[in-house]
Amino acid sequence: MLHVSPMTSNPSDNSNRLNGEPSYWRSLAHLSQQIERLELAEDAADVSQELDGVARRQFLKLMAASLGLAGVTMTGCRRWPQEQIVPHNAQPVGTAPGRREEYASCWELGGAATGVMITSVDGRPIKIEGNPQHPFSLGATDAWAQAGILELYDPERSRRVSEAVPAGDGHRDLAPRNWKQFLAFAQPHFDELRRQDGRGLAVLQGLTSSPTLQRQSREWQMAFPQSRWFCYEPIHRDNEIEGIRIALGQAYRPVWDFETADIVASFCADLLGTHPGRLRWARQWANRRTGKNSPLNRWYVAEPAPTLTGSIADTRLPAAPSRIPVLLEALAVMLGIAGNNGDVSSMGLSPTESQWLKLLHTDLVAHQGKSVVVVGSELPARSHGLAVAINQFLGNVGGPVAFVEESIANQGPCGKDIQELSAALESGEIKTLLILGGNPAYDAPSDARIKIPQGKALTSIHLSLFFNETSAECTWHVPMAHWLESWGDGRAWDGTYSVRQPLILPLFDGKTATEMLAVMGRAVTTHGRDLVRETCKQQRFLPADNDAQFEQAWEALLHDGVLDRSAFTPAKVPVLATADLLRFVSTDDRAANAGPGQFQLIFRPDASVYDGRFANNGWLQEMPDPITKLTWDNAAWISPSDAQTLNLNNGDVIEIGLNDDLGRCEIPAYIMPGQAVGTIGLSLGYG
């Protein structure tokens, strides 16, 4: 548990200066010329824990990955086209030891794929960078993708199939099994379910843009018409999809061009930090900041907690989550598209909010057709509909704002689906549950916690990279293949199609979700490569007039990793009438400010562990948070004003409880400048 007690420093101490120049301050205590005891404790720990001249931190840095590499990669590591493993004491013909080779591939997070280039040496992937040809990579990548190398070699990955068998007294033991033993049970089981039209069968998957997996889900539901297909992702875009669907009549995905936008207004959207298109948006922001080809653009950001996007804003407004929809509605009123003749006096705006909106309104009016208004996915659906209306009114649609097909629109709403699944499990409607990845027993919301009944009444199968909380509740656990060792495909934020190819054989005979569905559904093709090729043929991604032409296009696709000109075509969306806009304006939560002693709680993706799926990755845990610089820990962000009211210092432990007693936690406080007053920020992924 983190505890920090500041020590008073010498007023003449210049330890925060380097060569006479002020350095960046890391905390309020640092800024006020104080030295935090935590820094001294860390320095002392590094000295006291030296091992034979090597400091603890350096020792961990050198050994963490290399131990896993030595333990799990001496067999099965190769990228040669042969079907059998070739030991490295007999080098395959035509290869040179130590030669670096690059392969194009892609990986997916949050339902959007990003192109990558993977460096391999002697059949072992060692480095991941961005694919310059991919429009949402542009040669860049993020920490989550780069840390995939350590995740691949993680010695704690699941290594074998296991089955939970009764052990008496209501307990269960895990019996080791292999893939053949699992098939001996599963294939007859699913054959019987097919004869029953899939009655009592349910599948749970995460959000995916993979055309292959989406094609298989449609085929699965034809083979098992009475089965139910659920979707769940801890960080999802349900409100955004629903709001745009209400506004435009069907689901569309907004695609912005911040390089041609002179004014950008972000309402609680971390475009440069956690948004699926963050790499492209960051590049576009940087290109405008050079000022070479066009003048600098101006960014306005309203958000409850500091983000990377807020850190680059020209004008930033800290605002509680309940106030941000009000700010958006006030902007619509000021523009004259939501009634009240531009009068916002009845909306309860503070002087600071009024000033921020006045500046934004002036800039938007002066740059019509060259501005963008963006809303974060956590805001209500009506806020997203209102953002569509504002962009249309300003003439931005068709310019910096476009709408394309929503690649995950055919998957169920994550929040609703997980609640329906939880209720169906509790009522006993589901007899067989197949979970494709994820860990819903850990990260499902408190009011939709997944509790998988144990016993003969339910057969549950979990495909997962790690044996986690969900695996422990299931009947069967099957190791999942890592994305660096499996075939697959995906679409970028704008719909660009890319293919994932393996750099190494599955270390522990893991299977992908596509392979699992193919085997359980008795598909003709069950190999990952063949499944992706079948998708390319069926959906005519590649020319298929003859086999030779298809093979040539396929090889080119594998070489480039991305299919040129495969992005979705911008749609011609209907123009909203002024009378339709009032349905996006509501006064329901204008008085939702927290009362005395109460705070609004903000959950945000963590810069290291995201929603918790990367919590076992030491590289990411060692990476300092870009805002707080904290590592290996979570903290409750609280504003300096609230900290002073509560008499809190950095590291003081506070207890946070919800009104309905769904949960309580003790957590250290971190005083965060820029945090909205009356709010507390928590990162997901730490329990």
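Anything mentioned here points back to the structure above.
Reading guide: rules and limits
- Residues numbered from 1 in each chain as written.
- Predicted model: local features only at pLDDT ≥ 70, side-chain atom pairs only at ≥ 80, totals over all residues.
- Heavy atoms only, no water.
- Helix = DSSP H or I, 4+ residues; strand = E, 2+ residues; numbered from the N terminus.
- Contact = heavy atoms within 4.5 Å.
- Areas by Shrake-Rupley, 256 points an atom, 1.4 Å probe, with all protein chains shown as cover.
- Buried < 20%, exposed > 50% of the residue type's maximum accessible area, 1.4 Å probe, protein only.
- Pairing = 2+ DSSP bridges.
- Axes fitted to C-alpha atoms, helices over the stretch in contact; angles between N-to-C directions.
- Core = buried A, V, L, I, M, F, W, Y, C linked by side-chain atoms within 4.5 Å.

Undergrad: Even after reading the chapter, I still don't get the overall build of the chain, so can you show me in this structure?
TA: Secondary structure summary: the chain contains 21 helices and 27 strands in total. Nonlocal contacts in the chain, meaning residues at least 24 apart in sequence, comprise 69% of its contacts between residues at least 6 apart. When the accessible area of the chain is evaluated, it comes to approximately 31,500 Å², of which 52% is carbon and sulfur surface.

Undergrad: Is there a simple way to think about the pairing of strand β25 (residues 653–657) in this case?
TA: Remark: a regular strand shows side chains that alternate across the two faces of the sheet. Burial of β25 is one-sided: the residues I654 and I656 facing one way are buried, the residues V653, E655 and G657 facing the other way are not. Pairing of β25 with strand β26 (residues 664–671) involves five bridges; the strand directions are antiparallel. What sits directly across from V653, in β26, is P668.

Undergrad: I'm lost on the sheet that holds strand β5 (residues 100–109) in this one. Help?
TA: Sheet strands line up and pair through hydrogen bonds in the backbone, either parallel or antiparallel. In spatial order, the strands read β5-β6-β7; together these three strands make up an open sheet with antiparallel pairing. Strands with a single pairing partner mark the edges of an open sheet, and in this sheet they are β5 and β7 (124–130). In this sheet, adjacent strand axes meet at a mean angle of 35 degrees when their direction is disregarded. Two elements, strand β6 (residues 112–121) and β7, share six bridges in a ladder whose sense is antiparallel. Bridging from a neighbouring strand, S120 pairs with P125 of β7.

Undergrad: Looking at this structure, I do not really get the nonpolar core. What am I missing?
TA: Looking at soluble globular proteins, one finds that nonpolar side chains tend to be buried together. Judged by nonpolar contacts, the single largest core of 32 residues is most densely connected at F267, L327, L331, L349, W356, L360 and I390. At nine residues, the largest contribution of residues to this core is made by helix α11 (residues 324–335). Discounting residues that sit within four places of it in the chain, W356 has contacts with F267, Y300, V301, A302, T315, R316 and L317. Counting 28 residues, the second-largest nonpolar core is a separate cluster that includes L248, Y252, V255 and W493.

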